Amino acid sequence: MAENDAPLTDEERAELETLRAERAEREAQEQARRERAELARLKAERERQQRESDLDARDRAIRERNAKLMEPDEDLNMPVGQKIVLATIAILVILVLLMSVFGN
């Protein structure tokens, strides 16, 4: 017990300082590792949010373009997309009729 109560010798003091320095270096390395991991995680999150934002903007533009083609305007004029569909159906009906009349 008396050995533990005695002050540290110069060798023990030097060893203690060395061990403290090693521990501080390990802690600094661990802190740097955690910070790098956090940085990578935050970059990935930012990139994911940017991609989602880009996809949302693209989807919104596609919906607007499709709405312009297929929905009537304020004057309730027939949209271009519906005109194309009706013209295609009319052509197909005419072709079927011509084939049935002259196809014998």
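Since the model is a prediction, treat every value here as computed from it, not as a measurement.

1. Observations regarding the overall build of the protein chain
And then number 1: Summing up its helical and strand segments, the protein chain has three helices and zero strands in all.
And then number 2: For the protein chain, the C-alpha radius of gyration of 39 Å lies well beyond 13 Å, the compact-globule estimate for 104 residues.
And then number 3: Counting only C-alpha atoms, the protein chain reaches 120 × 40 × 20 Å along its principal axes.
And then number 4: Counting over 104 residues, the protein chain shows a buried share of 2%.

2. Let's talk about the confidence of the model for the protein chain
And then number 1: Confidence along the protein chain averages 90 in pLDDT terms, with 96% of residues attaining 70 or more.
And then number 2: The secondary structure element of the protein chain with the lowest average pLDDT is helix H1 (residues 2-5), at 66, and the one with the highest is helix H2 (residues 10-70), at 94.

3. A short note on the pattern of salt bridges
And then number 1: Per the counting criterion, the structure on display carries five salt bridges.
And then number 2: For Glu52, the salt bridge is made with Arg48, and the minimal N-O distance between the two is 3.2 Å. Placement of the pair is Glu52 and Arg48 together in helix H2, with a separation of four residues, close to one helical turn.
And then number 3: Classification of Glu52 by relative accessible area gives partly exposed; the value is 39%.
And then number 4: Classification of Arg48 as partly exposed rests on a relative accessible area of 37%.
And then number 5: One network of salt bridges, with partners in common, ties together Glu30, Arg33 and Arg34.

4. A look at the environment of Ala37
And then number 1: In this fold, Ala37 is placed in helix H2.
And then number 2: Considered as a pair, Ala37 and Ala14 are 23 residues apart in the sequence and their alpha carbons are 35 Å apart.

5. Quick word on a negative patch on the surface
And then number 1: A grouping of Asp10, Glu11, Glu12 and Glu15 is seen on the molecular surface, where their side chains present a negatively charged patch.
And then number 2: Its location among the elements puts Asp10 in helix H2.
And then number 3: Of the residues examined, Asp10 reaches a relative accessible area of 68% and is grouped as exposed.

6. A word on a nonpolar patch on the surface
And then number 1: Judged by side-chain polarity, Leu69, Met70, Met78, Val80, Ile84, Val85, Leu86, Ile89, Val93 and Leu97 come together as a nonpolar surface patch covering roughly 870 Å² of accessible area.
And then number 2: Within the residue set of the nonpolar patch, elements represented by two or more residues are H2 and helix H3 (80-102).
And then number 3: You can see Met70 is positioned in helix H2.

7. What to know about the environment of Leu69
And then number 1: Of note, Leu69 is situated in helix H2.
And then number 2: Sequence separation of Leu69 and Val80 is 11 residues, and the distance between their C-alpha atoms is 5.5 Å.
And then number 3: In contact with Leu69, other than residues within four places in its own chain, are Pro79, Val80, Gly81 and Gln82.

Cut-off values and rules
- Residues numbered from 1 in each chain as written.
- Predicted model: local features only at pLDDT ≥ 70, side-chain atom pairs only at ≥ 80, totals over all residues.
- Heavy atoms only, no water.
- Helix = DSSP H or I, 4+ residues; strand = E, 2+ residues; numbered from the N terminus.
- Rg over C-alpha atoms; globule rule 2.2 N^0.38 Å.
- Buried < 20%, exposed > 50% of the residue type's maximum accessible area, 1.4 Å probe, protein only.
- pLDDT = per-residue confidence, 0-100.
- Salt bridge = Lys/Arg side-chain N within 4 Å of Asp/Glu carboxyl O.
- Patch = residues over 30% accessible without salt bridge, like charges linked within 9 Å, V, L, I, M, F, W, Y side chains within 5 Å.
- Areas by Shrake-Rupley, 256 points an atom, 1.4 Å probe, with all protein chains shown as cover.
- Lys, Arg positive; Asp, Glu negative; His and termini not counted.
- Charge placed at Lys NZ, Arg CZ, Asp CG, Glu CD.
- Contact = heavy atoms within 4.5 Å.

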